[in-house]
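# A structural walkthrough
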Amino acid sequence: MPLYHLEQLPFSNSFATLPDGFYSRVAPTPFASTPELIHFNSAVAELLHLDPSCRHQRLFIDAFSARTALPGFDPLAMLYAGHQFGHYVAQLGDGRAVLLGETTNPRGERWELQLKGSGLTPYSRDGDGRAVLRSSIREYLCSEAMHGLGIPTTRALCLIGSEDEVYRERIEPGAMLTRVAPSHVRFGSFEVLFYRERHEAIAVLADYVIGHHYPDLAQLPSPRRYVEWLAAVVKRTAHLVAQWQAVGFAHGVLNTDNMSILGLTLDYGPYGFMESYDPGFICNHSDYHGRYAFDQQPQIGLWNLSCLAQALLPLMEVEAAKATLETYQDEFNRHYQKLMAAKLGLGEEDQHGAQLVHELLAQMQQSASDYTRMFRSLAGATDPASLRDGFIERERFDRWLHDYHTRLRALGRDPAQRRAAMLAVNPKYILRNYMAQIAIEKAQDEHDYSTIEDLFRVLQRPFDEHPDMQDYAEAPPDWAGGVQVSCSS
Ligand code: AMP
Ligand code: MG
């Protein structure tokens, strides 16, 4: 089937067919200044079956900067609430985003398109409805990086800049990002209904989500349908967090309103990839108590699922909800161990693997080893003994290496094949904060978007060699430690 021209993109908004009380219809607000296309994601255009040459059309920029509506656009702001840093906040909702609707590609995949940074909505509270270029670049790059790493995530079709002034700690340019995901429903979308005692509405939203996104469960009778669905969300969330832990990603703001009902990484704020290995790593400088520290994420995943389960109690027995939540820890542990074993080239269900991983991580913490570079070096090294100089207790590393080699020999895998498999799961490139910072400063100061493009290309294929981009695989420069990331966006 030929690619869709922009004007032909089939578009509708199924969320808008839900009855009142799940959203507010609201038109997005264009910038006062002339918008400019900063980056276009051809890979996402391909998902939508959209002809990538549309990037050159004025209509494209206008449509995704709220100046023009394409046929079928039916913009609305979704209602949700959520637990923020452990406290229930009764009303949040899309305060600076609007859901335009969804398009379905010829493979039958439905993709929602949402403008982020598109002005005031009924849920804006004290905010201005805008997003700054800085945080939009960070989201744009990181969501593609996560996809490149094989981690479920929202993505983005394009990033559009403006000369509009947005007031944060200082004045910054405003931007708009077109976020793309099968669904933007969050745990908090259910919590708001539960706390308002709209129990029938919980079933309506659950059936909407199940019907569109968990179709295998749609025919099951209630309450089994809901219990199995919760089990599926528990499993996806456990696997998502396991993937974050394995790659060294800290989300930063794991409030329940930032938890996707599809188990996607959602809402990129002050996230960070671990550099020196430190389990207590806090990437959000406003998270004073470390609630969302790296090593807290697995248990926060469960805590957030408990909030979701509570909101679903009108649909199931409390015992069924509890039993379902109890599957989380096992799902998480098994998936995490499997991913870590694969990083070391060990068998999937290797009992000894857990011990080897544990001891290596302990040594990496002691020596402040760079998480990504150490695993990549182990993967690529023909002589891993050369890595011993990076460790404080070299004999301890020697002992670990001896045990590791013993284990590898026992598994009897062909060394070349094992190395190739390890290189395919240990990324060479991650999005370090300093890298995003270079892209941001060039974009802000010089309207130079070449670093965004360079990083985009590398991060889409983080396991490959990119000889022209070797610098980004090296240890971060000295000034990188000074890059601080706050919640402000
Ligand atoms: P976040 O911390 O980005 O997950 O946002 C938490 C809540 O605040 C959500 O309801 C957002 O829509 C809202 N919000 C964040 N920034 C703004 C803003 N600049 N204007 C309006 N609402 C905002
Ligand atoms: Mg959010």
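What you see is a predicted model, and the numbers here were worked out from it, not measured in a lab. (Residues numbered from 1 in each chain as written. Chains lettered and ligands numbered in written order. Predicted model: local features only at pLDDT ≥ 70, side-chain atom pairs only at ≥ 80, totals over all residues. Heavy atoms only, no water.)

## Observations regarding the pattern of salt bridges
Definition in use: Put simply, a salt bridge is a Lys or Arg side-chain nitrogen that is within 4 Å of an Asp or Glu carboxyl oxygen. For every residue, the accessible area (1.4 Å probe, protein chains only) is compared with the maximum for its type, and the residue is labelled buried under 20%, exposed over 50%, or partly exposed between those bounds. Numbered from the N terminus, helices here are DSSP runs of H or I no shorter than four residues, and strands are runs of E no shorter than two.
Taken as a whole and assessed by the stated rule, the structure comprises 28 salt bridges. Of the charged contacts, one joins E102 and R110 as a salt bridge, the two residues approaching to 2.9 Å between their closest N and O atoms. Under the relative-accessibility criterion, E102 is labelled buried at 3%. A salt bridge links R376 to E465; the nearest nitrogen and oxygen atoms lie 3.2 Å apart. With R376 in helix α11 (residues 371-380) and E465 in the segment after α15 (450-460), this residue pair connects regions lying 89 residues apart in the sequence. Classification of R376 as buried rests on a relative accessible area of 10%. Shared partners join several salt bridges into a network, and the residues in it are K116, E139, R179, R186 and D267.

## Concerning the coordination of the magnesium ion (ligand 2)
Keep this limit in mind: Donor atoms: N, O and S within 2.8 Å of the metal, or within 3.2 Å for Na, K and Ca. Because water is excluded, sites can look incomplete.
Taken together, N258 (OD1) and D267 (OD) make up the full set of protein donors to the magnesium ion (ligand 2), lying 1.8 to 2.2 Å away. The exposure classification of N258 matches that of D267, with both residues buried.

## Some remarks on helix α10 (residues 351-367)
Formally: Between the first and last residue of a helix there are one fewer steps than residues, each counted as 1.5 Å, and that sum is the expected span. What the arc describes is the spread of directions from the helix axis to the C-beta atoms. Any two residues having at least one pair of non-hydrogen atoms within 4.5 Å are treated as being in contact.
Here α10 is 17 residues long and its end C-alpha atoms lie 26 Å apart, about the 24 Å a rise of 1.5 Å per residue gives. Taken together, the buried positions of α10 are G353, L356, V357, L360, L361, Q363, M364 and S367. Taken around the axis of α10, the buried residues stretch over an arc of 165°, which confines them to a single face. The outward face of α10, more than 90 degrees from its buried face, is lined by the exposed residues Q351, Q355 and H358. Looking at the buried residues of α10, the elements they touch are α9 (327-343), α11 and α12 (394-411). Just downstream of α10 lies A368, where phi reads positive at about 50°.

## Describing the environment of V241
With respect to the helices, strands and loops of the structure, V241 is situated in helix α6 (residues 224-247). Given a relative accessible area of 1%, V241 falls into the buried group. Counting along the chain gives 91 residues from V241 to F332, while the straight-line C-alpha distance between them is 7.4 Å. Other than its neighbours up to four places away in sequence, V241 contacts Q297, P298, Y328 and F332.

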